[in-house]
Amino acid sequence: MDQSVPIVEVDDHAFEVTGEHQDGAKRIAALLEVLEVISPVVEADGGSLNLLAVDVGTGVVRLELAGACGSCAVAGLTLNDGVDRIIKSRLDWVTEVVGSVEESDIGGLGGWTPKNY
């Protein structure tokens, strides 16, 4: 029996898919649509929002802020008060958004002062 975790690749970015649900494919498609709405806002400041994994059964989504977000003092707010809130409000099956921030020395393009500045 194959114990490997399925890896899905979208736009040259791979993420893990775990869990089972009869609407699993629809859930992934809906999540990707929401991320397409959020990502340009993050990218406008020199950052990126990466989907790392999704469990279609439990509704847990793992994301990573990278690029300029890794040096931003408000990256945690972006994850918790922005990304998490938007995803959960649009996708009732998402139970938890687990976010991480990839540390970086890259400065953003917006009005926030990087924490390493």
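See the structure above.
Computed from a predicted model, the values in this text were never measured in an experiment. (Residues numbered from 1 in each chain as written. Predicted model: local features only at pLDDT ≥ 70, side-chain atom pairs only at ≥ 80, totals over all residues. Heavy atoms only, no water.)

S.K.: Would you mind showing me how to read helix α2 (residues 75-90) here?
M.R.: Residue pairs three or four apart in sequence face the same way in an α-helix, which turns once every 3.6 residues. The first and last C-alpha atoms of α2 sit 21 Å apart over 16 residues, in line with the 22 Å expected at 1.5 Å per residue. At D84, α2 shows its largest kink, close to 30°. All of the buried residues along α2 are A75, L79, G82, V83, D84 and I87. Buried-residue contacts for α2 involve α1 (24-43), β3 (47-55), β4 (60-67) and β5 (96-101). (Helix = DSSP H or I, 4+ residues; strand = E, 2+ residues; numbered from the N terminus. Expected span 1.5 Å × (residues − 1). Bend = angle between axes of the 7 residues up to and from the residue. Buried < 20%, exposed > 50% of the residue type's maximum accessible area, 1.4 Å probe, protein only. Contact = heavy atoms within 4.5 Å.)

S.K.: How do you make sense of the nonpolar core when you look at a structure like this?
M.R.: Most often, soluble globular proteins keep nonpolar side chains buried together rather than apart. Membership of the largest hydrophobic core comes to 25 residues, with the highest contact counts inside it found for L31, L51, V54, L63 and I87. Mapped onto this core, the elements with two or more residues apiece are β2 (13-18), α1, β3, β4 and α2. When residues in this core are grouped by element, the largest group, seven residues, is from α1. What V54 contacts, discounting residues up to four positions off in sequence, is F15, E16, V17, T18, I28, L31, V60, V61 and W93. (Core = buried A, V, L, I, M, F, W, Y, C linked by side-chain atoms within 4.5 Å.)

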